[in-house]
Amino acid sequence: MPPKPKYTKEEIVNAAFELTREKGIDMVAAREVGKRLNTSPSPIFTVWNGMEELKEEVRKLAKKKYQEYMEGIFDYAPSFKEFGLRWVSFAAEEPNLYQLLFLSRRETHNPYVRFKQDFAGILTPLVQEVVDTFGLSKADAEDLLNQMIIFANGVAAFAITDPDSFSKEAVSHSLSQVCIGIVITDKLKDGSMEMSMAKAMAESCGGGVMPREKTKACADEGNSTVG
């Protein structure tokens, strides 16, 4: 009868996950995980077939952490902008987890494609919000979010190396400019927007995000005033 494992799978995965958060996924080796558990590397292989299998479990935990970080974005308006802000903040606060999820070697390096593969539950309502907000087709809404994620990924790279290089206000304003610029360009090209409307939209691009309940209250107050 084989010896009973000294550590459970959960304990080993948690140790590897914390090691990843502190030093990166490349440091997840049997010896390093063993040190974290104050044991030799051998217990790792009593419950895992190899380190790649363990690293895949770490990636699952990283995805769960990211999903938890994004919880509540739909309590804000516009949600897609809150999403962009949290994208950058996550990179600044959890640089090694961010690199594992979006910058490590996989079948694609495109951050939007990776996000679509791993977090469809977040992406689908974001696409619908963009459709409803700007009157875009689903394809154009997906393209807008693609461009926004590519931009946010670039800002995230700066945030990883220098977390203080961008303020939340600066990131918010830049995200607005990117999104509004794409919408205006598309609508001017297809003739569905006049230049005066484009100018008005561009002038309003600097707004931040607000709790959705507060946004609704402001809208209701405005409607009662008009009435």
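Right above here is the structure, for reference.
The following paragraphs examine the structure supplied in this document.

1. Brief notes about the overall build of the protein
Item 1. For the protein, the helix and strand inventory stands at twelve helices and two strands.
Item 2. Counting from the amino terminus, helix and strand elements in the protein follow one another as α-α-α-α-β-α-α-α-α-α-α-α-β-α.
Item 3. Within the protein, contacts between residues at least 6 apart in sequence are counted, and of these 62% link residues at least 24 apart.
Item 4. Looking at the protein as shown, the accessible area adds up to about 12,600 Å², and 53% of this sits on carbon and sulfur atoms.

2. Some points on the packing of aromatic side chains
Item 1. With the rule as written, the count across this model stands at 15 aromatic pairs.
Item 2. Ring centres of Y66 and F115 lie 6.1 Å apart, and the angle between their planes is 75°; on these two criteria the pair is classed as edge-to-face. Highlighted residues: Y66 in helix α4 (residues 51–70) and F115 in helix α7 (residues 111–118), separated in sequence by 49 residues.
Item 3. For Y66, a relative accessible area of 0% puts it in the buried group.
Item 4. When the ring of W87 is compared with that of Y98, the centres are 6.0 Å apart and the planes differ by 80°; the resulting orientation is edge-to-face. Of this pair, W87 sits in helix α5 (residues 79–93) while Y98 sits in helix α6 (residues 95–103), placing them eleven residues apart in sequence.
Item 5. Overall, Y98 belongs to the buried group, its relative accessible area being 0%.
Item 6. An aromatic cluster of at least three residues, connected via ring pairs, comprises Y66, Y69, F83, W87, F90, Y98, F102, F115 and F119.

3. A few points about the pattern of salt bridges
Item 1. Per the stated rule, a full pass over the model turns up ten salt bridges.
Item 2. Linking E94 and R21 is a salt bridge whose minimum nitrogen-to-oxygen distance equals 2.4 Å. Taken as a pair, E94 in the loop between α5 and α6 and R21 in helix α1 (residues 9–23) lie far apart in primary sequence, 73 residues in all.
Item 3. With a relative accessible area of 11%, E94 lands in the buried category.
Item 4. Between E32 and K35 there is a salt bridge, and its shortest N-O distance comes to 3.8 Å. A residue pair is termed a helical-turn pair when its members lie 3 or 4 positions apart in one helix, as E32 and K35 do in helix α2 (residues 30–36) at three residues.
Item 5. Relative accessible area serves as the criterion here: at 52%, K35 is assigned to the exposed category.
Item 6. One continuous salt-bridge network, built from bridges that share partners, spans E56, R59, K63 and D118.

4. Some remarks on the packing of α4 against α6
Item 1. Between α4 and α6, whose axes approach to 10 Å, the crossing angle comes to 105°. In terms of axis orientation, α4 runs roughly perpendicular to α6. Contacts between α4 and α6 pair V58, R59, A62, K63, K65 and Y66 from the former with L97, L100, L101 and F102 from the latter.
Item 2. Of the residues that constitute the contact of α4 with α6, the class distribution is seven nonpolar, no polar and three charged.

5. Brief notes about the environment of T133
Item 1. Among the secondary structure elements, T133 is positioned in helix α8 (residues 120–134).
Item 2. Among the residues examined, T133 registers a relative accessible area of 45% and is labelled partly exposed.
Item 3. Taking the C-alpha atoms as reference points, T133 and P78, separated by 55 residues in sequence, lie 8.5 Å from one another.
Item 4. Among the polar contacts made by the side chain of T133, one reaches the main-chain carbonyl oxygen of E129 at a distance of 2.7 Å.

Reading guide: rules and limits
Residues numbered from 1 in each chain as written. Predicted model: local features only at pLDDT ≥ 70, side-chain atom pairs only at ≥ 80, totals over all residues. Heavy atoms only, no water. Helix = DSSP H or I, 4+ residues; strand = E, 2+ residues; numbered from the N terminus. Contact = heavy atoms within 4.5 Å. Areas by Shrake-Rupley, 256 points an atom, 1.4 Å probe, with all protein chains shown as cover. Phe/Tyr/Trp six-rings, centres within 6.5 Å; stacked < 30°, edge-to-face > 60°. Buried < 20%, exposed > 50% of the residue type's maximum accessible area, 1.4 Å probe, protein only. Salt bridge = Lys/Arg side-chain N within 4 Å of Asp/Glu carboxyl O. Axes fitted to C-alpha atoms, helices over the stretch in contact; angles between N-to-C directions. Parallel < 35°, antiparallel > 145°, perpendicular 65-115°, else oblique. Nonpolar A, V, L, I, M, F, W, Y, C, P; charged D, E, K, R; others polar. Polar contact = N/O pair within 3.5 Å; in protein donor to acceptor, adjacent residues only side chain to side chain.

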